[in-house]
Structure formats: C-alpha cells, structure tokens
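The residues making up each chain are set out below.
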Amino acid sequence: MPISPVDEIWMDGEFVPWNEAQIHVLTPTLHYGWGVFEGIRAYETEEGAAVFMHRAHMERLHRSAKILQMDVPFSVDDLMQAARELIRRSRLLSCYIRPLVYLGYGEMGLNPMPSNVRVAIAIWPWGTYLGDEGLQHGVDAKVSSWVRIGANMIPTGTKACGVYINSSLAKVEALQAGYDEAILLNEHGEVAEGSGENVFIVRDGALLTPPLAAGVLKGLTREAVIEFAGDLGIPFAETRLLRQDLYTADEAFYTGTAAEVVPIRSVDGREIGAPGLITKRVQDTFFDTVAGREPRYRHMLDVVGAG
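Since the model is a prediction, treat every value here as computed from it, not as a measurement.

1. Notes on unusual backbone geometry
Its identity as a non-glycine residue notwithstanding, M53 has a phi of 55 degrees, on the positive side. By the element assignment, M53 lies in the loop between β5 (48–52) and α2 (54–67). The backbone of Q69 sits at a positive phi, close to 60 degrees, despite the residue not being glycine. Tracing the sequence through the fold places Q69 in the loop between α2 and α3 (76–90). By relative accessible area, Q69 is classed as exposed at 59%.

2. Brief notes about α3
Under the 1.5 Å per step criterion, the end-to-end length of α3 is 21 Å for 15 residues, consistent within 8% with the ideal 21 Å. Buried residues of α3: V76, L79, M80, A82, A83, R84, L86 and I87, and no others. Following α3 by one or two positions, R91 has its phi on the positive side, about 65 degrees.

3. Digging into the packing of helix α6 (residues 220–232) against helix α8 (residues 277–290)
Relative to each other, α6 and α8 sit at 115 degrees, their axes nearing to 10 Å. Taken together, the axis directions place α6 and α8 in an arrangement best described as roughly perpendicular. Handedness of the crossing formed by α6 with α8: right-handed. Contacts between α6 and α8 pair T221, V225, F228 and L232 from the former with R281, V282, T285, F286 and T289 from the latter. Tallied by class, the residues present in the contact of α6 with α8 amount to 5 nonpolar, 3 polar and 1 charged.

4. Remarks on the pattern of salt bridges
Pairing of side chains with opposite charge becomes possible as their charged atoms draw close. Going through the model one piece at a time under the given rule, you end up with 19 salt bridges. Among the ionic pairs, D302 bridges to R84, the shortest N-O distance being 2.8 Å. Remark: R84 occurs in helix α3 and D302 occurs in strand β17 (residues 301–303); sequence separation between them is 218 residues. Both residues of the pair, D302 and R84, belong to the buried class. Salt bridges here are not isolated pairs; linked through shared partners, they connect R222, E223 and E238.

5. Quick look at the packing of aromatic side chains
Per the stated rule, a full pass over the model turns up 11 aromatic pairs. Summarising the aromatic geometry, the rings of Y96 and W126 are spaced 4.5 Å apart at their centres and angled 85 degrees between planes, so their arrangement reads as edge-to-face. With Y96 in strand β6 (residues 95–103) and W126 in the loop between β7 (117–124) and α4 (132–137), this residue pair connects regions lying 30 residues apart in the sequence. Residue Y96 is classed as buried on the basis of its relative accessible area, which comes to 4%. Assessed through its relative accessible area of 34%, W126 is described here as partly exposed. Both rings, one in F200 and one in F253, keep their centres 5.1 Å apart while their planes meet at 10 degrees; by these two values the pair is stacked. Separated by 53 residues along the polypeptide, F200 in strand β11 (residues 198–203) and F253 in strand β14 (residues 251–256) bring together distant segments of the chain. Each member of the pair F200 and F253 is classed as buried. The structure contains a cluster of three or more aromatic residues connected by ring pairs, namely Y43, F52, F286 and F287. The aromatic ring of F15 is capped on one face by R89, whose charged end is 4.0 Å from the ring centroid.

6. Some details on the pairing of strand β12 (residues 206–209)
Residues A206 and L208 point to one face of β12 and L207 and T209 to the other, with burial holding for every one of them. Pairing of β11 with β12 involves 3 bridges; the strand directions are antiparallel. Each bridged residue has a counterpart across the sheet, and for V202 the counterpart in β12 is L207. Between the end of β11 and the start of β12, which pair antiparallel, lie 2 residues, with D204 showing a positive phi angle near 55 degrees. Pairing between β12 and strand β13 (residues 236–238): 3 bridges, direction parallel.

7. So, a nonpolar patch on the surface
A contiguous nonpolar patch, built from V25, L26, L30, Y32, Y105, M108 and L110 and spanning about 710 Å² of accessible area, is present on the exposed surface. Mapped onto the elements of the fold, L110 is located in the loop between β6 and β7. For L110, a relative accessible area of 73% corresponds to the exposed category.

The rules behind these values
Note on numbering: residues in each chain are counted from 1, in written sequence order. Residues qualify for local features only when their pLDDT is at least 70, as the model is predicted, and side-chain atom pairs are given and counted only at 80 or more; totals for whole chains, interfaces and linings, by contrast, use all residues. Side-chain calculation: all heavy atoms of the structure are included, whereas hydrogens and water are not. Comment: elements are numbered from the N terminus, with helices defined as DSSP H or I runs of at least four residues and strands as E runs of at least two. A simple rule labels every residue: compare its accessible area, found with a 1.4 Å probe on the protein chains alone, to the largest value its type can have, and call it buried under 20%, exposed over 50%, or partly exposed in between. To estimate how far a helix should extend, the number of its residues minus one is multiplied by 1.5 Å. As a rule, the C-alpha atoms of each element are fitted with a line to give its axis, helices using only the stretch in contact, and angles between N-to-C directions run from 0 to 180 degrees. Angles below 35 degrees are treated as roughly parallel, those above 145 as roughly antiparallel, those between 65 and 115 as roughly perpendicular, and all remaining angles as oblique. Handedness of a crossing is defined here by the sense of rotation of the near helix relative to the far one, left-handed for an anticlockwise turn of less than a right angle and right-handed for a clockwise turn. Contacts: residue pairs with any heavy atoms within 4.5 Å of one another. When residues are sorted by character, Ala, Val, Leu, Ile, Met, Phe, Trp, Tyr, Cys and Pro go into the nonpolar class, Asp, Glu, Lys and Arg into the charged class, and all the rest, Gly among them, into the polar class. Here a salt bridge means any side-chain nitrogen of Lys or Arg lying within 4 Å of a carboxyl oxygen belonging to Asp or Glu. Between the rings of Phe, Tyr and Trp (Trp by its six-membered ring), a pair exists once the centres lie within 6.5 Å; its type follows the angle of the planes, with under 30 degrees stacked, over 60 edge-to-face, and the other angles tilted. By definition, being over a ring means that NZ of Lys or CZ of Arg is both within 6 Å of the ring centre and within 35 degrees of the ring normal. Criterion used throughout: strands pair if DSSP finds at least two bridges between them. Like charges within 9 Å and nonpolar side chains (Val, Leu, Ile, Met, Phe, Trp, Tyr) within 5 Å are joined into patches, using only residues over 30% in relative accessible area that form no salt bridge. Note on areas: Shrake-Rupley, 1.4 Å probe, and residue coverage restricted to the protein chains presented here.

Below, the structure written as structure tokens:
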C-alpha cells in the first residue's frame, strides 16, 4: 500500500481510509470528464487552521454542478462541516482541500443523467505551487499555442473536470519549452488566463485584468485581490488585453488558490522584471490575510477550531 499524506477521505458522508477511497473504473466521470471540483486552501493562523474563502468555494461548487445538471446531495453547510472535520481529524494546520462532485457507476454513454451523483473531499499538505523562488522573484510565462475554450464550447464559468484538459495541454507545453507556466488566449486572440490562474497586469499605476467575458473563471483569489486593490487605493479595471499588453506591462502576476499571488517576471522572453510595488502590496496583503494578521479581511477566513 502507498503511504498516504493523511488517514482519511470524506466520501458521501463517511470518513473512509485513504487507501479504500475507490470508485468503479466505469464511472462516467472517468471516461467523459463529467464532474466538477474546487481547490481550497487552509492556512495556519494563531487560532489554528483557517480556510480561505471557504463558503464562496463551496457555493461555487454548487453553481458549477447546477450548470452540469448535477444535484449535489449535500448542502453548502454540509460540505463546509465535512471539510472542517476532515482537517480536525488530520491535525493539519495548513493543507489543500479538494471537493469533487462526480458520477457513480450506473450507465455508460454520453448521457450522464442516469448515473447517481456522488461527492468526495480530500485534503493533503501542499506547499507553494509555483515554487518559493517564483513566489519571491517571479516566474517565466509562455503564451500557449492552445486556445482557451470558448464559453459556448464548454461553460468556462464552471470548474468542470473535462475543461482542464485544455489547461493541462497548455501547462505541459510551457514546461517542455522551459517556462514555468502558461497564459492562454481566447478565440479572439485576447488574454484569458493561466493554466490554473487568473492574470493581472499593471500599467501606468492601474491594475488590469481580463473581464469574465474573455472566457476566464471567476477566481476567488481574483475577487479578493480586487477587494484589496480598492482598499489600497489602487486604480482597477476589467479590460480586454492583448498579447502585446503582456509584453509591455509594468508589472504582472498570477492569482489562484494553488498559485496564491505569484509575480510574472517575463512573458515569451520579454522581460517584465522584478516584482513591482503594486504586486508586492497585493501579495503582502494576501499573505497577511490568510495568516489572520489583517483584521479587516477576517470575513475571508473560516477558522476550523478544535471542536
């Protein structure tokens, strides 16, 4: 048996030993990608583990499931309580949380409706997604040859399992070309997002990011950063961006649950440079928030406690 990072996974209301958390090989989700998920982080604070944007993540999970006509058999509160209890039982002070809504084995075929909807939540320790060096000094990005899926191809507002083939192709291409991460353009040639992150640039002192209509996921770290910018007095706008805007940006960074807030130091070999003042202000505010050091953003944290 492989060694598991934690002892249990929550599945359909029960805590199951890690190595026994299994599904049938003929689940339609495995074959057709019909499922939705979330990525959530818990951080160590003086009060113990605290989950960042917990309710918002579970609400988005429900919305994603609704778009795919999956009736989640557990409420948002049920899922939040399950995640909290999983963290307590693991005794982890910081971790990554992965809720998954998927189809159980029922009937094979492109019609997913006859299959029953199931839910699992797993957690594990997970460090910096793009590396500590990238977090501090920035990462090198490549504009991908793969185009971001259009909103009328697969709904881009969902975290649907099958959508992430698009992201994985872009990520692998970037890594194999010697870059750290990808940036995808949409079908109109406009900047969409990274393989698993939203993209921001700074130009003439203003913070800019593509609008949701560009085919981007409404990231929750993205939403937090927009709130930070308002409170920090940083001018902000959602606006269409072209590849050339990336090349000529004064600053740029990724945001996402896994990536957190990571500076971009170059795009396609065009140097942007060391993390700038606005990037560092946003990044510092983010890490102060998730560590529980910023009282005005206390509403973004769900302290797990020992109960």
